[in-house]
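# Working through the structure, step by step
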Amino acid sequence: MTHSLPAGLTATSVVAASSANLGPGFDSLGLALSLYDEIVVETTESGLNVEVEGEGAGQVPLDSNHLVVRAIQHGFRALDVTVGGLNVRCRNAIPQSRGLGSSAAAVVGGLAAVNGLVAQSGSASMSDADLIQRASEFEGHSDNAAAAVLGGGVVSWTSSGAAGPRYAAAPLRIHPDIHLFSAIPEQRSLTAETRVLLPRSVSHSDARFNVSRAALLVVALTERPDLLMEATEDVLHQPHRAIAMRASAEYMQILRRYGVPAVLSGAGPTVLGLSTQPEIPAEALEFGAAHGFTVSKMSVGDGVRWTSGVPVRS
């Protein structure tokens, strides 16, 4: 039975950036990062108003095509809820089109905000498993979405069901000795544009190589960070994407030569370092700065948080 929410309800969600693949774990491994977007949603009598601050301001649609709005409507349909109108305010810190899961964060944040709204009306909210399923339906795989929902590291997978693909994930507890570094260039990249660079089929030897490295990476992330250099090797997607982002591919290899296990973050062009050392060698930092990379130290991100009402920002 459809339930209509009254005007005047407000909810807030805070959602982390994420890095997918982590080298060999193509479309299956993800990691939340300590960079967050905040979404505030208010129900109104009618209409739609969308405001965007920070990343993406002036570059994204401010109507029903906005990804957060689409996610909110997706959540309403899943819970059989309607509203008269909406005010949506997005305060974005996650760079867009850089391989840091900004799309997944928008979708997960919008769905979580729906939870904050329906919680005030007595309706059932979506579980973490529901959030992963609903968010993953937008992209067809759940690595970024699951990391944004659960926080920390995740292994995600897809299975077939009578009603369509089912998306799921299991959390990984990241070893405390692992230090994270993001190297974000000015260059942008869209996953859809770089995915077409990937071959339609791969050799048995390449598949075997990546299966072994992805399995090893789970061990390295959770128990043996000393294995990260070998565990982050990949032959399935990074070499093919390198031609579209030569600077990122070069910087990734330079970091690895300096002893920093580095990978393309998602489809790139951001480079992510996962190291047992608390700092990046000065020479590698200087190269990055000279070639347009903003290198920042990060930590493992938290899972999505939602509240009813507008919390005071710290």
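Description of the structure in this document.

This part takes up the sheet that holds strand β9 (residues 179-185). Overall, antiparallel pairing links the four strands, which are arranged β10-β11-β9-β12 in an open sheet. Both outer strands of the open sheet, β10 (262-264) and β12 (293-298), are each paired with one neighbouring strand and no more. Direction aside, the axes of adjacent strands within the sheet are offset by 20° on average.

Following both chains from N to C, one finds helix α1 (residues 67-79) and helix α2 (residues 102-118) inclined at 45°, their axes separated by 8 Å at the closest point. With respect to each other, α1 and α2 are oriented oblique. For the pair α1 and α2, the crossing hand works out as right-handed. Here Leu67, Val68, Ala71, Ile72, His74, Gly75, Phe76 and Leu79 of α1 lie close against α2, whose contacting residues are Ser103, Ala106, Val107, Gly110, Leu111, Val114, Asn115, Leu117 and Val118.

Here the focus is α2. Because an α-helix packs 3.6 residues into every turn, residues spaced three or four apart end up facing the same way. With 17 residues, α2 should cover 24 Å at 1.5 Å per step; its first-to-last C-alpha distance of 25 Å lies within 8% of that length. Burial analysis of α2 places 16 of its 17 residues in the buried class, which makes it a mostly covered element.

Our focus in this paragraph is helix α3 (residues 128-136). Of all the positions in α3, only Leu131, Ile132, Gln133, Ala135 and Ser136 are classed as buried. On its buried face, α3 sits against α2, α4 (143-150) and β8 (166-172).

For strand β3 (residues 25-44) and strand β6 (residues 85-92), the ladder comprises seven bridges, and the chain directions are antiparallel. Each bridged residue has a counterpart across the sheet, and for Glu42 the counterpart in β6 is Asn87. Here strand β4 (residues 47-54) pairs with β6 via eight bridges, running parallel. Counterpart to Gly47 in the pairing with β6 is Gly85.

Calculation notes
- Residues numbered from 1 in each chain as written.
- Predicted model: local features only at pLDDT ≥ 70, side-chain atom pairs only at ≥ 80, totals over all residues.
- Heavy atoms only, no water.
- Pairing = 2+ DSSP bridges.
- Helix = DSSP H or I, 4+ residues; strand = E, 2+ residues; numbered from the N terminus.
- Axes fitted to C-alpha atoms, helices over the stretch in contact; angles between N-to-C directions.
- Parallel < 35°, antiparallel > 145°, perpendicular 65-115°, else oblique.
- Left-handed = near helix turned anticlockwise from the far one by under 90°.
- Contact = heavy atoms within 4.5 Å.
- Expected span 1.5 Å × (residues − 1).
- Buried < 20%, exposed > 50% of the residue type's maximum accessible area, 1.4 Å probe, protein only.

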